[in-house]
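Examination of the molecular architecture
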Amino acid sequence: SEASGVSLSAVQRFDTSTSQWLSAKTMLVARREFSCIYSPSNDALYAIGGWNDVDEELNTVEYIAISDIETEPFQLTANTLSAYLLDVFSVLHGTLIYMLGGWVWASSSQGWITVRHIHILDTSTNIITLSSHKLAYSVAYSACVVAENM
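Note that the coordinates shown come from a computational prediction; the quantities given were computed from them, not determined experimentally.

This part covers the overall build of the protein. Helix and strand counts for the protein stand at zero helices and 12 strands. Scaling as 2.2 N^0.38, a compact globule of 150 residues should have a C-alpha radius of gyration of about 15 Å, and the protein matches this with 16 Å. Along the longest, intermediate and shortest principal axes, the C-alpha atoms of the protein span 50 × 40 × 30 Å. The buried share of the protein, reckoned over its 150 residues, is 40%.

What follows is the structure in structure tokens.
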């Protein structure tokens, strides 16, 4: 189950006051086809799932406080996703990050399939749970937004 592309652990941030890209701490794991989301309640940036640099799927989530992005290392969340997920889409509502759908390797006969999983990351504890609720459809490569609490 190979993927194409290059996984990177490098992180850059854009300084709006100087219009310059600046280096930041590298992620613990090189990633591609992952989800990335910012949580203002704990000032943290999260990298979710994806492929690593040796074409292995990832079930890990790592994060870093934006205020420490140049000095402190990324950290792993307290636990992992229930599956190795690629192309998960994420949305923040309050202190919860909802990680929706994605691709998983089912078997050599089925190959890659999209899933209806809903993982929830509580940013106040950095603990991930798998919701008993499912998406109406299996999805990947999607986008979502919270609008007026909906």
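Turning our eyes to something else, we now look at the sheet that holds strand E3 (residues 35-39). Reading across the sheet, the four strands line up as E3-E4-E5-E6 and stay open at both edges, with antiparallel pairing between neighbours. Each having just a single partner strand, E3 and strand E6 (75-76) make up the two edges of the open sheet. Sheet analysis places strand E5 (residues 61-65) next to E6, joined by two bridges and oriented antiparallel. Residue Glu-62 lies in a different strand from E6, and its bridge partner there is Leu-76.

The subject of this paragraph is the layout of surface pockets. For the largest pocket, the calculated volume is near 180 Å³. Taken together, Val-6, Leu-8, Ala-10, Val-11, Met-27, Arg-31, Arg-32, Phe-34, Cys-36, Leu-45, Ala-47 and Phe-74 form the lining of the largest pocket. Taken together, the residues of the lining of the largest pocket sort by class into 10 nonpolar, no polar and two charged.

Attention shifts here to the pairing of E5. Summarising burial for E5: four of the five residues are buried, a large majority. Taken together, the five bridges between strand E4 (residues 44-48) and E5 define a ladder with antiparallel strand orientation. In the sheet register, Leu-45 faces E5, and the bridge partner there is Ile-64.

In this fold, Ser-23 is placed in strand E2 (residues 20-23). Setting aside residues up to four positions removed in sequence, Ser-23 forms contacts with Val-11 and Glu-70.

Before going further, it helps to examine the pattern of salt bridges. Tallied over the full model, the rule gives three salt bridges. In this structure, Glu-70 and Arg-13 form a salt bridge, with 2.3 Å as the shortest nitrogen-oxygen distance. Of this pair, Glu-70 sits in the loop between E5 and E6 while Arg-13 is found in strand E1 (residues 12-15), placing the two residues 57 residues apart along the sequence. Since its relative accessible area comes to 44%, Glu-70 is described here as partly exposed.

So, on to the nonpolar core. Counting 16 residues, the largest nonpolar core has Tyr-46, Ile-48 and Met-99 as its most contacted members. Mapped by element, the contributors of at least two residues to this core are E4, E5 and strand E8 (96-100). Contact partners of Ile-48, with chain neighbours within four places excluded, come to Arg-31, Phe-34, Ser-35, Ile-37, Thr-60, Val-61, Leu-81, Ser-90, Ile-97 and Met-99. Core analysis: the next-biggest nonpolar cluster, separate from the first, contains eight residues, Ala-24, Ala-47, Ile-64 and Phe-74 among them.

For the rest of this paragraph, the subject is the sheet that holds strand E12 (residues 127-130). Taking strand neighbours across the sheet as the criterion, the four strands line up as E7-E8-E11-E12 in an open arrangement whose pairing is antiparallel. This sheet does not close on itself; its edge strands, each paired only once, are strand E7 (89-93) and E12. If you compare each strand with its neighbour and ignore which way they point, the axes differ by 25° on average. In this structure, E7 lies alongside E8, joined through five bridges in antiparallel fashion. Bridging from a neighbouring strand, Ser-90 pairs with Met-99 of E8.

The rules behind these values
- Residues numbered from 1 in each chain as written.
- Predicted model: local features only at pLDDT ≥ 70, side-chain atom pairs only at ≥ 80, totals over all residues.
- Heavy atoms only, no water.
- Helix = DSSP H or I, 4+ residues; strand = E, 2+ residues; numbered from the N terminus.
- Rg over C-alpha atoms; globule rule 2.2 N^0.38 Å.
- Buried < 20%, exposed > 50% of the residue type's maximum accessible area, 1.4 Å probe, protein only.
- Pairing = 2+ DSSP bridges.
- 1 Å grid on protein atoms, 1.4 Å probe; cavity = no way out; pocket = protein on both sides within 12 Å on 5 of 7 lines; lining within 4 Å.
- Points joined across faces, edges and corners; volume = space filled by probe spheres on them.
- Nonpolar A, V, L, I, M, F, W, Y, C, P; charged D, E, K, R; others polar.
- Contact = heavy atoms within 4.5 Å.
- Salt bridge = Lys/Arg side-chain N within 4 Å of Asp/Glu carboxyl O.
- Core = buried A, V, L, I, M, F, W, Y, C linked by side-chain atoms within 4.5 Å.
- Axes fitted to C-alpha atoms, helices over the stretch in contact; angles between N-to-C directions.

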